[in-house]
Amino acid sequence: MSGTHLNKKLLKPVAPDRGSFPLDHENVCKDKMMKYIICLTENNQDNSKCRLEAKDYLSCRMDNTLMAKEECVATIKVLDIINNLNLIENIEIKVVFTKFAFHFCNVESFPRINITFYKDEDEWILWKQRGDPVLHIELAKWADLMLIAPLDANTLAKIAQGVCDNLLTCIVRAWDLNKRLIFCPAMNTKMWYHPITSEQISKLKSWGYIEIPCISKMLMCKDVGMGAMAEPEVIVKIVKEYLEKS
Ligand SMILES: Cc1cc2nc3c(=O)[nH]c(=O)nc-3n(C[C@H](O)[C@H](O)[C@H](O)COP(=O)(O)O)c2cc1C
């Protein structure tokens, strides 16, 4: 990769390991990548000043399905949703991962954005003794809207049954039904067509939760059919509409 002149300074991006984010090793999105890197460099690595450049670059990567690993696609989708929601004025976003979600999203490769990420262990880091804040209760009270994207079959089943054995499901269990909860199912086609799925989704909807339906496409397992999470831009548009309404 050649160097690029930036305000008379020579920028020589160092290529990290293959498959890591955000460099484009295949060079298909090179122009957009360079704009993003230049913006970050000019703005002291402050990603909040380069959201449009990041979005352009991520869209290019997604259109060209360049990521080496499927897990990176999941990372990009989540990142795309976060980046786009983060453009909304006065919004504050906190992201909760389940233990297994970490397999699909390389959080360390996320750009440094002003967003807090939580995982199950954080419950116990915050709570040491009686009187300390209980993270899932604090988060359930704090948020005006909750988006679960993607909602996998396992967590869907747990929520439908009231099971709360991790940070995410505890927040949902403590969620005030007067506030919006939007969920985006994502699972294999065979799982999707199992009758339990529609039963559980109906149950969530009966509580006022809002479904953003899944779509049909080639899934991670290479099966083609219903079960893919809705596209990030659709999710962002619907969330924005509900935020405007609340
Ligand atoms: C490679 C791989 C991909 C998976 N993709 C999905 C998926 O898209 N949807 C789903 O419901 N489960 C999927 N699973 C199964 C979940 O990871 C599993 O049910 C897990 O227990 C979910 O945990 P969580 O709900 O706490 O995140 C996948 C598993 C593997 C190994």
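Residues numbered from 1 in each chain as written. Predicted model: local features only at pLDDT ≥ 70, side-chain atom pairs only at ≥ 80, totals over all residues.

**A closer look at the overall build of the protein**
Argument step 1. The secondary structure content of the protein amounts to 11 helices and 9 strands.
Argument step 2. For the protein, the proportion of its 246 residues judged to be buried stands at 30%.
Argument step 3. Taking the contacts inside the protein whose residues are at least 6 apart along the sequence as the reference set, 64% of them involve residues at least 24 apart. (Helix = DSSP H or I, 4+ residues; strand = E, 2+ residues; numbered from the N terminus. Buried ≥ 20, exposed ≤ 12 C-beta atoms within 10 Å, placed from the backbone. Contact = placed C-beta atoms within 7 Å.)

**Structural notes on the site of the ligand**
Argument step 1. In the vicinity of the ligand, the contacting residues are Thr98, Phe100, Ala101, Asp152, Ala153, Asn154, Thr155, Ala186, Met187, Met191 and Met220.
Argument step 2. Here the element with the most residues in the shell around the ligand is helix 7 (residues 153–161); it accounts for 3 residues. (Near = placed C-beta within 6 Å.)

**Some thoughts on the packing of helix 7 against helix 10 (residues 195–206)**
Argument step 1. Following both chains from N to C, one finds helix 7 and helix 10 inclined at 55°, their axes separated by 9 Å at the closest point. With respect to helix 10, the element helix 7 is oriented oblique. Here helix 7 and helix 10 pass one another in a crossing that is left-handed. Mapping the contact onto sequence places Ala153, Leu156, Ala157, Ile159 and Ala160 in helix 7 and Thr197, Gln200, Lys203 and Leu204 in helix 10.
Argument step 2. Within the contact of helix 7 with helix 10, the residues separate by chemical class into 6 nonpolar, 2 polar and 1 charged. (Axes fitted to C-alpha atoms, helices over the stretch in contact; angles between N-to-C directions. Parallel < 35°, antiparallel > 145°, perpendicular 65-115°, else oblique. Left-handed = near helix turned anticlockwise from the far one by under 90°. Nonpolar A, V, L, I, M, F, W, Y, C, P; charged D, E, K, R; others polar.)

**Focus: the sheet that holds strand 6 (residues 180–185)**
Argument step 1. The strand order across the open sheet formed by 3 strands is 5-6-7, and the pairing between neighbours is parallel. Here the strands that pair on one side only, and so sit at the sheet edges, are strand 5 (145–151) and strand 7 (210–211).
Argument step 2. With 5 bridges connecting them, strand 5 and strand 6 associate as parallel partners. Each bridged residue has a counterpart across the sheet, and for Leu151 the counterpart in strand 6 is Pro185. (Pairing = 2+ DSSP bridges.)

**Topic: the environment of Glu199**
Argument step 1. Inspection of the secondary structure assignment puts Glu199 in helix 10.
Argument step 2. For the pair Glu199 and Ala160, spaced 39 residues apart in the sequence, the C-alpha separation amounts to 8.9 Å.

**Topic: helix 6 (residues 135–142)**
Argument step 1. Listing the buried residues of helix 6 in full gives Leu135, His136 and Leu139. Down the axis of helix 6, the sector holding all buried residues measures 95°, keeping them to one side. (Arc of directions from axis to C-beta.)

**Comments concerning unusual backbone geometry**
Argument step 1. For the peptide bond that leads from Ala149 to Pro150, omega is 0°, which places it in the cis range.
Argument step 2. Mapped onto the elements, Pro150 comes out in strand 5.
Argument step 3. The residue Asn90 is not glycine, and still its phi comes out positive at about 60°.
Argument step 4. Relative to the assigned elements, Asn90 resides in the loop between helix 3 (70–85) and strand 3 (94–96).

**Re helix 10**
Argument step 1. With 12 residues, helix 10 extends 17 Å from end C-alpha to end C-alpha; this agrees with the ideal 16 Å at 1.5 Å per step.
Argument step 2. Every buried residue belonging to helix 10 is among Thr197, Gln200, Ile201 and Leu204, and all of these are buried. Take helix 10 and look down its axis: the buried residues cluster within an arc of 100°, on one side only. Exposed residues pointing more than 90 degrees away from the buried face of helix 10 are listed as Pro195, Ser198, Glu199, Ser202 and Ser206.
Argument step 3. Contacts from the buried residues of helix 10 go to helix 7, strand 6, helix 9 (189–193) and strand 7.
Argument step 4. Of the residues flanking the end of helix 10, it is Gly208, one or two places downstream, whose phi is positive at about 95°. (Expected span 1.5 Å × (residues − 1).)

**Let's talk about the environment of Tyr57**
Argument step 1. Along the polypeptide, Tyr57 turns up in helix 2 (residues 51–63).
Argument step 2. Taking the number of C-beta atoms within 10 Å as the measure of exposure, Tyr57 has 25 and is therefore buried.
Argument step 3. A sequence separation of 27 residues divides Tyr57 from Lys30, and the C-alpha atoms of the two residues are 8.7 Å apart.

**Topic: the confidence of the model for the protein**
Argument step 1. Put simply, the protein has an average pLDDT of 81, and 78% of its residues get 70 or more.
Argument step 2. Low pLDDT, under 50, characterises residues 64–72; the predicted model gives this stretch 20 contacts beyond four residues in sequence or across chains. (pLDDT = per-residue confidence, 0-100.)

**Looking at the environment of Lys32**
Argument step 1. Within the secondary structure, Lys32 is located in helix 1 (residues 30–42).
Argument step 2. With 26 residues separating them along the chain, Lys32 and Leu58 place their C-alpha atoms 8.8 Å apart.
Argument step 3. In this structure Lys32 touches Asp56, Tyr57 and Cys60, once residues within four positions along its chain are discounted.

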